[in-house]
Amino acid sequence: MTTESATVVVIGAGPAGLTVANLLRRCGIDSVVLERRSRDHVTRRRRAGIVETRAVRMFESWGLADVVRGGPPHDGVLEFRIDGESRYVDDRDGSAGSGARLCPQQVLVQNLTAAHLADGGDLRYEAADVTLHGLTGDRPSVGYRAADGTRHLISCAYVAGCDGDRGVSRAAVPASVSTVHTFDHGIGWLTVLADAPPPAHPLLAVSPQGFAAHFPRGPRSSRYYLQCPPDDDPAAWPDDRIWDALRTRLADPALTGGPITDREVFRLRSLVHEPLRHGRLFLVGDAAHILSPMGGKGMNLALHGADLLVRAVRDAVRDQDDTGLNAYSRRCLRRVWSDQEFSHWLTRTVHEAGDATASGPFLRQLARARLDRLVTSPGARHAFAELMTGLDPARAEAGPA
């Protein structure tokens with residue numbers, strides 16, 4: 001077995017793990033990133049995502065603005081199409097500085113990977129059988145088997161668990177010290193990726209036939225969502241059925257189709273682990289929380305957690321100040337619950353306002369009232385914009401200096 005040493009071991013090379021690693025390099029702190037998949041798999045897998053205003057400015061503050069320049073700027077306009085009538089909401093809150101970007105997750109991962117390797121970062125793919133040891137001691141260690149079959153054991157000061165809800169990091173936290181909050185929305189989405197023209201603005205459509213959405217994923221690529229039973233089978237949705245449903249629910253009979261490159265059904269669920277720390281292990285991203293996709297908060301919460309953790313590690317290493325580490329879980333969870341509430345509110349609103357089969361006519365009318373308030377009230381629109389941008393003017397974070 002090869003024994004090594006590092007200040008931080010990062011488990012997972014998705015947006016959370018790569019952001020942690022890149023920011024640590026900016027602080028002069030060494031790390032080793034372990035990823036069980038191949039580089040090709042990680043950098044090519046397609047995931048939805050918009051990098052919100054808060055995250056764009058975070059990357060800029062660390063000198064990493066280029067990593068979010070793989071997609072067009074988001075012009076701040078969202079279209080709500082309610083029974084075929086288009087209403088527009090500006091999700092910019094009026095603050096100065098860069099806004100959100102329509103940067104697909106795989107593009108962000110590719111850019112973060114390139115930046116980390118160009119800066120001399122240590123990124124190891126196909127790391128199998130990862131094990132965590134001594135997390136509650138002063139010097140934990142992480143073992144793994146490399147692609148060539150050799151075993152490695154890395155002694156470290158901290159472990160950043162960024163390997164998702166089903167990864168080894170979250171599983172390493174004993175059930176006796178963790179509380180798991182879960183919620184099943186009882187809603188399924190058929191997600192469709194197609195080589196078809198993107199919409200002028202991100203589009204959310206509400207109709208009695210069910211929820212649908214249309215988002216840009218590039219100059220000639222679109223992501224679509226169709227509400228469906230959570231246990232539905234993607235094979236039950238041939239191309240013709242998909243395009244017919246989209247044209248009906250989006251109230252656009254002339255919607256241009258194209259080759260469908262991916263389709264998948266997933267169940268909308270929410271989950272929060274508390275606390276997000278176990279000894280020297282810190283959970284970041286999907287290892288710590290899962291959100292409904294509404295509002296685009298999942299990836300952005302991961303980026304926020306990565307930023308908080310690196311600041312805390314920097315203070316501990318540079319100044320022997322553990323204040324940030326001790327407050328990491330509490331500070332993350334404050335944002336997590338705020339974004340969970342927003343995501344839940346938007347999820348219930350756009351689904352209950354459409355097909356009333358599950359929710360009933362009373363809740364449908366309440367949801368319709370919320371939508372009407374959103375598109376007519378300046379105060380409601382401003383509150384919505386603050387939540388969409390992810391900014392928190394009352395508790396602005398300091399820069400990385």
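Small disclaimer: the values here were computed from a predicted structure and weren't measured.

(A) Representation of the sheet that holds strand β10 (residues 158–161) in the model. Spatially, the 6 strands line up as an open sheet ordered β6-β3-β2-β10-β17-β16, and their pairing is mixed. One side of each edge strand has no neighbouring strand; the edge strands of this open sheet are β6 (122–124) and β16 (277–278). Alignment of β16 against strand β17 (residues 281–283), held across 2 bridges, turns out to be antiparallel. Among the inter-strand pairings, Arg 277 is bridged to a residue of β17, identified as Phe 282. In the packing of helix α4 (residues 105–118) onto the sheet, contacts are made with β3 (31–34) and β6, and the angle to β6 comes to roughly 125°.

(B) Layout of the sheet that holds strand β5 (residues 85–90). Spatial strand order, β5-β4-β12-β13-β14-β11-β15-β18: 8 strands in an open sheet with mixed pairing. Across the chains shown, the open sheet's two edge strands, defined by having one partner strand only, are β5 and β18 (289–290). In this sheet, strand β14 (residues 221–228) lies alongside strand β13 (residues 212–218) in antiparallel orientation, the contact comprising 6 bridges. Paired with Pro 216 across the two strands is Ser 222, which belongs to β14. Sheet strands in contact with helix α8 (residues 323–352) are β4 (77–82), β11 (179–194), β12 (203–206), β14, β15 (260–274) and β18, and its direction is about 130° off that of β15.

(C) Up close: the side chain of His 289. Looking at the element boundaries, His 289 is found in strand β18. On the accessibility criterion, His 289 (4% relative accessible area) is buried. If near-sequence neighbours (up to four positions away) are discounted, His 289 is found in contact with Leu 271, Val 272, Leu 301, Ala 302 and Val 336.

(D) Seen up close, the environment of Gly 143. If you trace the backbone, Gly 143 turns up in strand β8 (residues 141–145). Judged by relative accessible area, Gly 143 falls into the buried class, the value being 1%. When the C-alpha atoms of Gly 143 and Ile 154 are compared, they prove to be 6.2 Å apart, with 11 residues separating the residues in sequence. Sequence-distant contacts of Gly 143, that is, excluding residues within four places in its chain, are made with Asp 129, Val 130, Thr 131, His 133, Arg 151, His 152 and Leu 153.

(E) A look at the nonpolar core. Grouped together as the largest cluster of nonpolar side chains are 73 residues, with contacts concentrated most on Val 51, Phe 59 and Leu 108. The element that contributes the greatest number of residues to this core is helix α7 (residues 298–319), accounting for 11 residues. Setting aside residues no more than four positions away along its own chain, Val 51 makes contact with Val 56, Val 68, Ala 100, Arg 101, Cys 103, Leu 108, Met 299, Asn 300 and Leu 303. Listed in part, the 23 residues of the second largest apolar core include Phe 80, Ile 82, Val 89 and Trp 189.

(F) Just the pairing of β15, in detail. Pairing geometry for β11 and β15, over 13 bridges, is antiparallel. Residue pairing across strands places Asp 184 opposite Arg 269, the latter belonging to β15. As defined by bridge partners, β15 adjoins β18 across 2 bridges and the pair is classed as antiparallel. Within β18, the position partnered with Leu 271 by the bridge is Ile 290.

(G) Structural detail: empty space enclosed by the protein. The full count for this structure, using the stated rule, is 1 cavity of 30 Å³ or more. The volume enclosed by the largest cavity comes to roughly 40 Å³. Forming the walls of the largest cavity are Val 8, Val 20, Leu 24, Tyr 158, Val 159, Ala 160, Phe 282, Leu 309, Val 310 and Val 313. Counting residues per element, the ones that place at least two in the lining of the largest cavity are α1 (15–26), β10 and α7.

(H) Quick look at the pattern of salt bridges. Taken as a whole and assessed by the stated rule, the structure comprises 20 salt bridges. Between Arg 145 and Asp 129 there is a salt bridge; the shortest N-O distance is 2.9 Å. Taken as a pair, Arg 145 in strand β8 and Asp 129 in strand β7 (residues 128–133) lie far apart in primary sequence, 16 residues in all. Take Asp 129: its relative accessible area is 47%, and that puts it in the partly exposed class. When the shortest N-O distance is used, the salt bridge between Glu 352 and Arg 348 registers 3.3 Å. Here Glu 352 and its partner Arg 348 are both found in helix α8, 4 residues apart, which amounts to about one turn of the helix. Through salt bridges with shared partners, a single ionic network connects Glu 52, Arg 54, Lys 297 and Asp 339.

(I) Highlighting α1. Its 12 residues place the ends of α1 16 Å apart at the C-alpha level, agreeing with the 16 Å of an ideal helix rising 1.5 Å per residue. The buried fraction of α1 amounts to 10 of the 12 residues, a majority that puts the element mostly inside the structure. Pro 15, Ala 16, Gly 17, Leu 18, Thr 19, Val 20, Ala 21, Asn 22, Leu 23 and Leu 24 are the residues of α1 that are buried. Looking at the residues trailing α1, positive phi occurs at Gly 28, about 75°.

About the thresholds
Residues numbered from 1 in each chain as written. Predicted model: local features only at pLDDT ≥ 70, side-chain atom pairs only at ≥ 80, totals over all residues. Heavy atoms only, no water. Pairing = 2+ DSSP bridges. Helix = DSSP H or I, 4+ residues; strand = E, 2+ residues; numbered from the N terminus. Contact = heavy atoms within 4.5 Å. Axes fitted to C-alpha atoms, helices over the stretch in contact; angles between N-to-C directions. Buried < 20%, exposed > 50% of the residue type's maximum accessible area, 1.4 Å probe, protein only. Core = buried A, V, L, I, M, F, W, Y, C linked by side-chain atoms within 4.5 Å. 1 Å grid on protein atoms, 1.4 Å probe; cavity = no way out; pocket = protein on both sides within 12 Å on 5 of 7 lines; lining within 4 Å. Points joined across faces, edges and corners; volume = space filled by probe spheres on them. Salt bridge = Lys/Arg side-chain N within 4 Å of Asp/Glu carboxyl O. Expected span 1.5 Å × (residues − 1).

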